[in-house]
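One letter stands for each residue in the lines below.
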Amino acid sequence: MIVTDIKQQVKRAGRYSIYFDSKYLFSLSETELLRSGIRIGKEYSKSEIEDLQQTAVSDKAYMRALDYLAMRPRSQWEVTDYLRRKDYDSPTIEAILNKLSEYGYLDDKKFAQAWIDNRQLLKPTSLRRLQQELQQKHVSRETISEVLAEQDIDEQAMLRQLI
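So, how was this worked out
- Residues numbered from 1 in each chain as written.
- Predicted model: local features only at pLDDT ≥ 70, side-chain atom pairs only at ≥ 80, totals over all residues.
- Heavy atoms only, no water.
- Pairing = 2+ DSSP bridges.
- Helix = DSSP H or I, 4+ residues; strand = E, 2+ residues; numbered from the N terminus.
- Axes fitted to C-alpha atoms, helices over the stretch in contact; angles between N-to-C directions.
- Contact = heavy atoms within 4.5 Å.
- Buried < 20%, exposed > 50% of the residue type's maximum accessible area, 1.4 Å probe, protein only.
- Salt bridge = Lys/Arg side-chain N within 4 Å of Asp/Glu carboxyl O.

K.L.:
Help me understand the sheet that holds strand 1 (residues 3–8), please; the structure alone is not making it clear to me.
P.N.:
Where strands meet in a sheet, backbone hydrogen bonds hold them as pairs that are either parallel or antiparallel. An order of 1-2-3 is seen for the three strands of this open sheet, with the pairing classed as antiparallel. Lying at the two open borders of the sheet, with one neighbouring strand each, are strand 1 and strand 3 (23–29). Each strand of the sheet is rotated relative to its neighbour by a mean of 25°, with strand direction disregarded. Pairing of strand 2 (residues 15–20) with strand 3 involves six bridges; the strand directions are antiparallel. Note that in strand 3 the partner of Tyr-16 across the bridge is Leu-28. In this fold helix 2 (residues 46–71) packs onto strand 2 and strand 3, with an angle of close to 50° to the strand it touches most, strand 3.

So this is what it looks like as structure tokens:
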């Protein structure tokens, strides 16, 4: 099969639709398009196209995960759950989580610190409540204990303020 066209998508400016023999087959981000070396007129075997399609699936999952993380910091479990709900398979999810962690976008300790800082700024909460909230986000007990130990939260002052 031969690449007959590469078009920039209208709704997603950073993604490109790839056409083989004048039929749409998949889309890639600009980064993956450059990395893969796809160009118009190049011929690909069936196995190469299958590899490219798997790359396209991983690329789309990675972009979705980045968009999800852009809304607010997330725990690893939240991102995993999000990708599962989008029907990605376990190897793809694992690869995306590794990539996000490698780039520093996904770190449960940083997430827990940000969660606590945000909660203390907007609505001061007890250590126990913070621990429960982080457990609901499936942050490990060790990470929660470590982050809470680093916090300087005066629960007595919070109680006096509430009263």
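K.L.:
Sorry, what's going on with the pairing of strand 2 here?
P.N.:
Each regular strand displays side chains that alternate between the two surfaces of the sheet. Within strand 2, five of the six residues are buried, which leaves it mostly tucked inside the rest of the structure. Pairing geometry for strand 1 and strand 2, over five bridges, is antiparallel. Each residue of the ladder has a partner; that of Asp-5, found in strand 2, is Tyr-19. The turn joining strand 1 and strand 2, which pair antiparallel and follow one another in sequence, is formed by six residues. In textbook terms, the turn of a hairpin is the stretch between consecutive antiparallel strands, and for strand 2 and strand 3 this stretch comprises two residues, one of which, Asp-21, has a positive phi near 50°.

K.L.:
Can you walk me through the pattern of salt bridges in this structure?
P.N.:
Should the charged atoms of two oppositely charged side chains come close, the side chains can pair. Taken as a whole, this structure holds 10 salt bridges when the rule is applied. Linking Glu-133 and Arg-129 is a salt bridge whose minimum nitrogen-to-oxygen distance equals 3.5 Å. Residue Glu-133 and its partner Arg-129 are both found in helix 6 (residues 127–136); the two are separated by four residues, about one turn of the helix. Judged by its relative accessible area of 37%, Arg-129 falls in the partly exposed class.

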